[in-house]
Amino acid sequence: MAKNISIELLDDARSLHEILESCKNLCKLVGISEENSWLDLETSGYLVRYKTRDELYLNLPPYRKTSWKFYDLYGNMINLSPDMMTFFGRSTIYHPVKELENSSKIIVESKFLDQFNKFMAEHGTDHVSRSLKIHEARITDDEIKQILAGVKKQTQHLLDMVISILETE
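Computed from a predicted structure; not experimentally measured.

K.L.:
I'd love a proper account of the overall build of the protein chain, names of residues and values included.
P.N.:
In terms of helices and strands, the protein chain carries 9 helices and 4 strands. When the helices and strands of the protein chain are read in sequence order from the N terminus, they spell out α-α-α-α-β-β-α-α-β-α-α-β-α. Taking 169 residues into account, the globule formula puts the C-alpha radius of gyration at 15 Å, and the protein chain, at 19 Å, lies well above it. Dimensions of the protein chain, computed from C-alpha atoms along their principal axes, come out at roughly 70 × 30 × 25 Å.

Below you can see the structure in the form of structure tokens.
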């Protein structure tokens, strides 16, 4: 079963979400479900367990950390300084794999942008920076593909481990 799932993962014959569900069943059969709770997080989304942005960011796997692209009201991209990107540009891609597989981009909720807009209005260094308002932030298709590739790599690592365990028994 593990070898078949591994082949399906490479072939892209089934959706990644379906493959993760098969991996969850496999882990139950082998008796290693507890050690692989990340499968539940990938299929259900990370907001199930982590409620605040900081807690979410600290517990996200590295392959789910990307950078936002910021846009003004007219759709023009806004480039922020590296310091501002470090503070405000940390993305939190908490969406379930199934949702990511069906998305070409993700629009970041305005609640994450309100903090930035308020900060700039109060602490901007000049009139232009104080009046800067970010209307939306996006995660691009390329970044979504990078996240899905990370999930696949983690899944293959799990399958290799299961195969190794089964071969030694």
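K.L.:
Kindly report on the nonpolar core, identifying the contributing residues and their values.
P.N.:
Grouped together as the largest cluster of nonpolar side chains are 44 residues, with contacts concentrated most on Tyr46, Phe70 and Leu158. Examining the composition of this core, we find that 8 residues originate from one element, helix α9 (residues 141-168), more than from any other. Filtering out sequence-adjacent residues up to four positions away, Leu158 remains in contact with Cys23, Cys27, Ile32, Asn36, Trp38 and Leu39.

K.L.:
Could you give an account of the sheet that holds strand β3 (residues 106-108), naming the residues involved and the relevant values?
P.N.:
In spatial order, the strands read β2-β1-β4-β3; together these 4 strands make up an open sheet with antiparallel pairing. Edge positions in the open sheet fall to β2 (77-78) and β3, since each of these has one partner strand only. Looking at chain direction, strand β1 (residues 69-71) and β2 are connected through 2 bridges and run antiparallel. When the sheet's bridge partners are listed, Tyr71 is paired in β2 with Met77.

K.L.:
Talk me through the pattern of salt bridges; I want residue IDs and the actual numbers.
P.N.:
Working definition: two side chains of opposite charge can pair if their charged atoms are close together. In the structure shown here, the tally under the stated rule is 10 salt bridges. The residue Glu21 makes a salt bridge to Lys24 at a minimum N-O spacing of 3.7 Å. Of this pair, Glu21 and Lys24 both sit in helix α2 (residues 16-30), 3 residues apart, which is roughly one turn of that helix. Residue Glu21 is classed as partly exposed on the basis of its relative accessible area, which comes to 30%. A salt bridge links Glu143 to Lys69; the shortest N-O distance between them is 3.8 Å. Remark: Lys69 occurs in strand β1 and Glu143 occurs in helix α9; sequence separation between them is 74 residues. Each of Glu8, Arg14 and Glu18 takes part in one network of salt bridges that share partners.

K.L.:
Explain the packing of aromatic side chains residue by residue, including any values.
P.N.:
Under the criterion given, the structure shown has 1 aromatic pair. Summarising the aromatic geometry, the rings of Trp68 and Phe70 are spaced 5.7 Å apart at their centres and angled 75 degrees between planes, so their arrangement reads as edge-to-face. Assigned by exposure class, Trp68 and Phe70 land together as buried. Between Lys65 and the ring centre of Tyr57, over which it is positioned, the NZ or CZ distance is 4.5 Å. Between the NZ or CZ atom of Arg138 and the centre of the ring of Tyr71, over which it lies, the distance is 3.7 Å.

K.L.:
How would you sum up the side chain of Thr155? Please name residues and give values.
P.N.:
By the secondary structure assignment, Thr155 is in helix α9. If we ignore the near neighbours within four places in the chain, the residues touching Thr155 are Leu9, Ile19, Leu20, Cys23 and Trp38.

K.L.:
Which residues make up the environment of Glu8, and what values do they have?
P.N.:
Along the chain, the position of Glu8 falls in helix α1 (residues 2-11). A relative accessible area of 23% places Glu8 in the partly exposed class. Sequence-wise, Glu8 and Asn59 are 51 residues apart; in three dimensions their C-alpha atoms are separated by 28 Å. When sequence neighbours within four positions are dropped, the list of residues in contact with Glu8 reads Ala13, Arg14 and Ile19.

What counts, and at which threshold
Residues numbered from 1 in each chain as written. Predicted model: local features only at pLDDT ≥ 70, side-chain atom pairs only at ≥ 80, totals over all residues. Heavy atoms only, no water. Helix = DSSP H or I, 4+ residues; strand = E, 2+ residues; numbered from the N terminus. Rg over C-alpha atoms; globule rule 2.2 N^0.38 Å. Core = buried A, V, L, I, M, F, W, Y, C linked by side-chain atoms within 4.5 Å. Buried < 20%, exposed > 50% of the residue type's maximum accessible area, 1.4 Å probe, protein only. Contact = heavy atoms within 4.5 Å. Pairing = 2+ DSSP bridges. Salt bridge = Lys/Arg side-chain N within 4 Å of Asp/Glu carboxyl O. Phe/Tyr/Trp six-rings, centres within 6.5 Å; stacked < 30°, edge-to-face > 60°. Lys NZ or Arg CZ within 6 Å of the ring centre and 35° of its normal.

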